Structure formats: C-alpha cells, structure tokens
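# Descriptive structure summary
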Amino acid sequence: MLSVENLSYTYPGGTEAVRGIDFSIEEGEIFGFLGPSGAGKSTTQKVLIRLLRGFRGSITVLGKPLDEWDDSYYEQVGVAFELPNHYQKLTARENLSLFRTLYSRETRDPAELLEMVGLEDDADTRISQFSKGMQMRLNFVRALIHMPDLLFLDEPTTGLDPVNGQKIKDILRQQKAEGRTIFLTTHDMTVADQICDRVAFIVDGEITLIDSPRNLRLQHGRRRVRVEYHHDGTSAPTQQAEFPLDGLGDSDEFLKILRSNRIETIHTQEATLEDIFIQTTGRSLT
Amino acid sequence: MDIQRIAVLIGKDARLGATNFMVVYVLVMPVVLSLLIALVFGDLLAQTPRLGIYDAGASEQFTRPLLDHPSINTTIYDSEEALQSAVERGSEEIGLSLPAGFAASLEDDSAEVDFTVYRWGEAGVRNLLLLESAVARAMTAAIGSSIDQLPVTVNAEQIGSANTQTWSQRLLPLLLIMSIVLGGLFFPAASLLDEKKDRTLVALTSTPTSLLDVYLSKTLMGFILSGIMGSVILLINGAFVGQVALLLLVIALGGLMSSSFGIILGSVSKDMDTFMGIIKGAGILLYAPGILKIFPQVPEWIGRIFPTYYLMNPLLEVSQNGAGIAEIALDIAVLALISVALLLLLSSVIGRQQQKLALET
C-alpha cells in the first residue's frame, strides 16, 4: 500500500527534518507514527500527502511512485489535520456537502458521517459556534467522506473527551475492518497502543524502531507479576510483592499470598509504549 | 484545472462573499455614490431648466408666456444685480435682462431689439437648448412672426467658471475606477484571506482540488464582479453609449488586471488588517487618475503615470467622445500588458503559496 525508502527532507532554511527513513505499510494496517514534537513525523506526513515537494528517496503509494501522482491522488487518500480547518461561516452539514462535491468518486451522506461522531444535532450549526472538540470530530469525518483507501490522520483524538476519543478509536477499527489503511501520526501512546497494528518511533528525523505494540511490550517489559494485597482482618497498609512470570505456578510464596490474603491487584509488568519509547530513544514524548 | 470544481468554488465564494462586510461595502458604495451624484448634480432627476428675468418695465406680454411655461422654471428679479448674482451662483442657468419697453419694441417693426443674456458657465447643454428655444418661441409669439426678421442685438455674457463637463461627468472616472478596480480587487483578496484565517486552503488542496483551481475561482469571481460593477456604473451614469463592444473589452481587461492584482495582494498579505493597510496606503495610486480628472486644469500626462489611467481613459473616450478602436488602441495595449504581467506574477505567487501552505500547516 505504501512504501518509503531512504526518505530525506530538508526545509528551505537548511534544516534536515527527515533523515533517510524506511518503512512500509500493508493494506488494511493501522500504522502509528510516534514521536515528540519536532521529531519529523509531521514533515513525513506532509511529504506523504504531497504537501511538501522536493524530497529525496523513494516513495510508492497505491502502487505508483508519489512523484507520478497528480491531484487525483486525493480521490483515494483522505487527510485529517491536527488543527481544525473548516469554513467558519458555514454549518457542519454545509462544510461536508461542499467537500463532498469536490470528489469524483462515490461519497457518503454528510448526515450519516455527522451521526457517526455524534454531531447530528449540530448539523445545522455554524462552525464558529463549535467547540474545538466538535471541530476535531468534523475534521475527522471529513477525511472519510469519499471512502478513501488510505487515511492520513494527524492527532485525531486531540482535544476530545474520553467518550468521543473512544468513538474515534472505534470508527478507526471499523475503517480497518472495511479494508482501509491508516497512517496515524500521534504522540499519544495510549491511542497508538490501543489501535495500531504497528508503530514506528521517530526521533530527530530518524526511525529508531518499528514493531507491533504487543511485541514491543513483550520485548521491553519485565517478565514479572506484581501483587498488591491485604492481610485479612488487619488494618495494616497494602503490601506488594513481585514474582518472575516463569515458573509462577510453582512459586509457593506466590500461591501462599493468593490463598491467605485479600488480593487487591495482580498485574504483569510489561512496559507501556511510553516506557519503551523513553527506554529506546532516551527522549520523552513532550 | 477542473471546470466543475472551479464552479463549485465560485458558488461557495459567492455565498461567503455575501456575508463579508468589506466586500459588500465595496460593491454597494460605487452604486450608492453614482445615484447620489446623479441626484445632486442632476442627471438622474434632471432639474427643470431655470430662467431668471429682470424686466426694467412693461414687458409682461413677453414674460408671461415664460412664467406660464410648463417645462421651465422662471423667476422674476427686482434688479439686474440680483439677476447677475443668481446666475453667478447657478440658481439660474440663463438670465434675461430686458430693457424698459422691450415688449413694445418687439411689436414695433422699426425699433431695434436690444437685450442682455447672462449664461451660467456650468449650465448643461440640454437645459441651455431648452431655455433658448423657449425664449425664442416667446419672442416669436410676441411679434407674431419669426424673430429672424427683427434687428435683434443680444449681448451675451457668461458668468461663473466655464466648464463643459457636468459634475457627474467629472466624477464618473473616479466611480469607474472604484467599481471596476475595487470590485475586482477586494473580492479575491478578502476571500483568500478568509481561507487563510480558517486554514481551509490546505483542506481544499487535500482534495482533488488544486491550488490553481482555488486561485482561478477567486480571480474569475473578481473578474465577473468587476465586469458587472463597471457596466452598472456606466449604465447608471448614462455612459453605456458609443461602441458597447469596445467598452466591454476595456472593462474585461480592467477586470482581469484588478482581480489578478487582488489575488496577488491577498496572497502576500498576512491577514485582513495587513491587506487593509496596503489598500489605505497605496489606494491613492489606484484612484489618482480619477481624482485628477475632477480637475480639468491638471495636465493629462500626470494621469498616465498610474496603471488605472489605461482602464479609465479608454472608457471615457468611447462613452463621452465617441472614440473607436484606433483612438484607444494604445491604452488597450498598455492595459493588456499590465494584465499579462500581473498574470505572470500570479503564477509565481501560486508556487510560493504552495510552499507556504506546507510550512504553515
């Protein structure tokens, strides 16, 4: 679906934002591009959506070199930006209806899209009266209006409350189920962990690691389990104990704790994506 | 370039433009000014021809038909000085100073008819003709035959500044520049600046719509508005005469120049405040030829320094002096050259805007 080889991009001022990165995305995959601000993830996305020209390296999208695509590229590609960009004097429905007419291929009914993200009651409200979260949801569904094969989404859950954030994640899973490929740029590791098939860490214009969140957790986590428990009938504070996962069933001490105490939590100690990011790049995400 | 998408964008721009106060103001203002000027200076509700008479005595037989004339407004003055003063300030367009026994002398074949006529320097030709005709008819009626047979001596005297152009004619160039240039310039600029403010340019160019489509739609909209505005102003001012095809050609070239300039200004301006600052600062350069035309004593060559002269002058030449293509060919050539230069500059501006879009997103 998308293949990038030795991609570099230098801004007119001389700043080299992307330095020889390689990755590929399979059809129907949700690929997370993770990194702190200024790491090069937005530059990479801008190159991939043909906003930035003059890159070095080779990019093939939908079976054709990116250089050879014309504006018909966007018939098959949907883009949602990090910041909302709508006609403030038009309503949500009018915005979607306008963008709908710009595509040649079959498009979705604006009402259906607005309902998907819970904006059906505000369909005829001017965007200038929308909150940032509402505008972000509209940004997101606008990218879906022409049912593209490939989606580029930049921080789609930014500014959303947990309920709406979950709604967006559910829609993304549904899009994947329908066979769409999604390139997701984010610094929200939780979102990436929950919905991405694979993630790439980018720092200082270079990709340091690409793998599935599960593999990364397994590779970089500690194979241990932590138990928090209370001695029954006492007012003593909560106690903790850690045990190796290997041979856990044969650990008498672990079994004794389970049998004779009130267990509050038991968690395996796999790393979070954020932990792995910090561990592998030496950088934080903020 | 996609015609269907450009049409969609024009529809959207027309709708959003109608809610932009500055755009509406710029489009409505020249029309309102035209109507006001026509109202004040007489072309729209042309005032009744005004005749003043000082009768030194016993000429009521001559003055009565003029006082009763339904199409002219006649006033009798007590003294010649009062009559002269009224003509000088334009209250009367023609003043007749009749000597004592004027009416009797008309009836006496042997008497010599001698009187003085004062003419207001700024009186319009139409009213002068009507007044002269009415006076001649009154004299004929008084003597019962043509006044050609009488030894009439008319002492004609012009009072006030002489100007063959009415105020509405003198203000027409300014109105034409305001309507064609501002009408064509403001819409594309304001529309592009609104897109920048809402960050919708990048949203549009992330669809099959190209930046060229967006720019073309706005330039075309400015061009159309400019053409409509120019034609409406010519019509209101009764100047849509002569070779209409030539007028339309000049308006079209002027519209192209203005809308290209407008979209370039919209591109290079950071926001509406910057754009308005440019217009306030440099607007005088656009208006200058129109302002200079108000003062006929200013040498014509000064106007030629300004690009809008080459839009204004051929329109005036065709509509007021009946000029043909040969007389205005040079102006049209200069106007076309300016338009082509602006279009070339525009293509470079679009390239830069594409880069800016990527960097600012």
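Just so you know, these numbers come straight off a predicted model, no measurement behind them.

### Some points on the overall build of chain A
Helix and strand counts for chain A stand at 10 helices and 13 strands. Overall size of chain A, expressed as C-alpha extent along the three principal axes, is 70 × 45 × 35 Å. By residue count, 50% of the 286 residues in chain A fall in the buried class. Taking contacts inside chain A between residues at least 6 apart in sequence as the whole, the part at least 24 apart equals 65%. For chain A, the computed accessible surface area is about 12700 Å², with 44% contributed by carbon and sulfur atoms. Taking the 32 positively charged and 44 negatively charged side chains of chain A as two groups, their mean positions are separated by 2 Å.

### Focus: the overall build of chain B
Tallying secondary structure elements over chain B gives 14 helices and 5 strands in all. In terms of overall dimensions, chain B is more spread out than a globule: its C-alpha atoms have a radius of gyration of 28 Å, far above the 21 Å expected for 361 residues. Dimensions of chain B along its principal axes, counting C-alpha atoms only, are 95 × 40 × 35 Å. Counting over 361 residues, chain B shows a buried share of 50%. Pairs at least 24 residues apart make up 76% of the contacts formed inside chain B by residues separated by at least 6 positions.

### Looking at the domain arrangement of chain A
By a frequent convention, interface size equals the accessible area lost on bringing the separate parts together. Domain boundaries in chain A define domain 1 (2–218) and domain 2 (222–269). Placing the centre of domain 1 of chain A and that of domain 2 of chain A at their C-alpha centroids yields a distance of 43 Å.

### Considering the confidence of the model for chain A
On average, chain A scores 90 in pLDDT, and the residues at 70 or more come to 98%. For chain A, helix 10 (residues 273–281) of chain A is the element with the lowest average pLDDT, namely 80, and helix 3 (residues 92–100) of chain A is the one with the highest, namely 95.

### Re the environment of A358(B)
With respect to the element layout, A358(B) can be found in helix 14 (residues 325–360). A relative accessible area of 0% means that A358(B) is categorised as buried.

### A few points about the pairing of strand 4 (residues 56–61) of chain A
Residue and element names in this part refer to chain A. Across 5 bridges, strand 1 (residues 2–10) lies against strand 4 in antiparallel orientation. When the sheet's bridge partners are listed, L2 is paired in strand 4 with V61. Sheet analysis places strand 4 next to strand 5 (residues 64–65), joined by 2 bridges and oriented antiparallel. Residue V61 lies in a different strand from strand 5, and its bridge partner there is K64.

### Some thoughts on unusual backbone geometry
Residue and element names in this part refer to chain A. The phi angle at R50 is positive, at roughly 70 degrees, despite the residue not being glycine. Here R50 shows up in the loop between helix 1 (41–48) and strand 4. The backbone of D204 shows a phi angle near 50 degrees, a positive value even though the residue is not glycine. Mapped onto the fold, D204 is located in the loop between strand 9 (198–203) and strand 10 (206–211). When its relative accessible area of 40% is taken as the criterion, D204 is described as partly exposed.

### Structural notes on the interface of chain B and chain A
Across the boundary between the two partners, chain B contributes 26 residues, which contact 26 residues of chain A. Inspection of the chain B/chain A interface yields 2 salt bridges. At the junction of chain B with chain A, the criterion picks out 9 residue pairs in polar contact (both at pLDDT 80 or more). In terms of residues, the side of chain B that touches chain A owes the most to one element, helix 1 (residues 3–17) of chain B, which gives 6 residues. In terms of residue class, the side of chain B that touches chain A is built from 9 nonpolar, 10 polar and 7 charged.

### Observations regarding the layout of surface pockets
If you add up the space inside the second largest pocket, you get close to 420 Å³. Around the second largest pocket sit 20 residues that line it, and R199(B), V202(B), L357(B), E360(B) and T361(B) are the ones nearest its centre. Those elements giving two or more residues to the lining of the second largest pocket turn out to be helix 1 of chain A together with helix 8 (200–204) and helix 14 of chain B. Element by element, the count of residues in the lining of the second largest pocket is highest for helix 14 of chain B, at 4 residues. A class-by-class count of the residues in the lining of the second largest pocket yields 6 nonpolar, 6 polar and 8 charged.

### So, the UniProt feature "transmembrane region" (unreviewed entry) in chain B
Following the UniProt record, the feature "transmembrane region" (unreviewed entry) maps to residues 21–41, 171–193, 214–236, 242–265, 277–295 and 322–346 of chain B here. For the annotated span residues 214–236 of chain B, helix accounts for 100% and strand for 0% of the residues, and the straight-line distance between the end C-alpha atoms is 33 Å.

### Section: the sheet that holds strand 2 (residues 73–77) of chain B
Either a parallel or an antiparallel arrangement is found when strands of a sheet pair, and the pairing is made through backbone hydrogen bonds. Residue and element names in this part refer to chain B. Spatial ordering of the open sheet is given by 2-1-3-4-5, a layout of 5 strands whose pairing is mixed. Because the sheet does not close on itself, it has two edges, and the strands there are strand 2 and strand 5 (152–159). Neighbour-to-neighbour, the strand axes of this sheet turn through a mean angle of 20 degrees, independent of strand direction. Where strand 4 (residues 113–120) lies against strand 5, 8 bridges are found, and the strand directions are parallel. Within strand 5, the position partnered with V117 by the bridge is A156. Those strands touched by helix 3 (residues 60–68) are strand 1 (50–55), strand 2 and strand 3 (94–98), and its axis lies near 160 degrees from that of strand 1. Here helix 4 (residues 80–88) sits on the sheet and contacts strand 1, strand 2, strand 3, strand 4 and strand 5; the angle it forms with strand 4, its principal contact strand, is near 35 degrees.

### Observations regarding the pattern of salt bridges
This structure, assessed with the given rule, holds 24 salt bridges over all chains. Salt-bridge contacts for R56(A) lead to E16(A); the nearest nitrogen and oxygen are separated by 3.4 Å. You can see R56(A) sitting in strand 4 and its partner E16(A) sitting in strand 2 (residues 16–25), a full 40 residues away along the chain. A residue is classified by how much of its surface remains accessible, and R56(A), at 42% relative accessible area, is partly exposed. Note on E16(A): relative accessible area 33%, which makes it partly exposed. R173(A) is paired through a salt bridge with D170(A); the nearest N and O atoms lie 3.1 Å apart. Taken together, the positions of R173(A) and D170(A), both in helix 6 (residues 162–177) and 3 residues apart, correspond to about one turn of that helix. Connected through shared salt-bridge partners, K12(B), D13(B), E195(B) and K218(B) make up one network.

What counts and what doesn't
- Residues numbered from 1 in each chain as written.
- Chains lettered and ligands numbered in written order.
- Predicted model: local features only at pLDDT ≥ 70, side-chain atom pairs only at ≥ 80, totals over all residues.
- Heavy atoms only, no water.
- Helix = DSSP H or I, 4+ residues; strand = E, 2+ residues; numbered from the N terminus.
- Buried < 20%, exposed > 50% of the residue type's maximum accessible area, 1.4 Å probe, protein only.
- Contact = heavy atoms within 4.5 Å.
- Areas by Shrake-Rupley, 256 points an atom, 1.4 Å probe, with all protein chains shown as cover.
- Lys, Arg positive; Asp, Glu negative; His and termini not counted.
- Charge placed at Lys NZ, Arg CZ, Asp CG, Glu CD.
- Rg over C-alpha atoms; globule rule 2.2 N^0.38 Å.
- Domains from an automatic or database assignment.
- pLDDT = per-residue confidence, 0-100.
- Pairing = 2+ DSSP bridges.
- Salt bridge = Lys/Arg side-chain N within 4 Å of Asp/Glu carboxyl O.
- Polar contact = N/O pair within 3.5 Å; in protein donor to acceptor, adjacent residues only side chain to side chain.
- Nonpolar A, V, L, I, M, F, W, Y, C, P; charged D, E, K, R; others polar.
- 1 Å grid on protein atoms, 1.4 Å probe; cavity = no way out; pocket = protein on both sides within 12 Å on 5 of 7 lines; lining within 4 Å.
- Points joined across faces, edges and corners; volume = space filled by probe spheres on them.
- UniProt positions renumbered as here; feature names shortened; annotations may be inferred.
- Axes fitted to C-alpha atoms, helices over the stretch in contact; angles between N-to-C directions.

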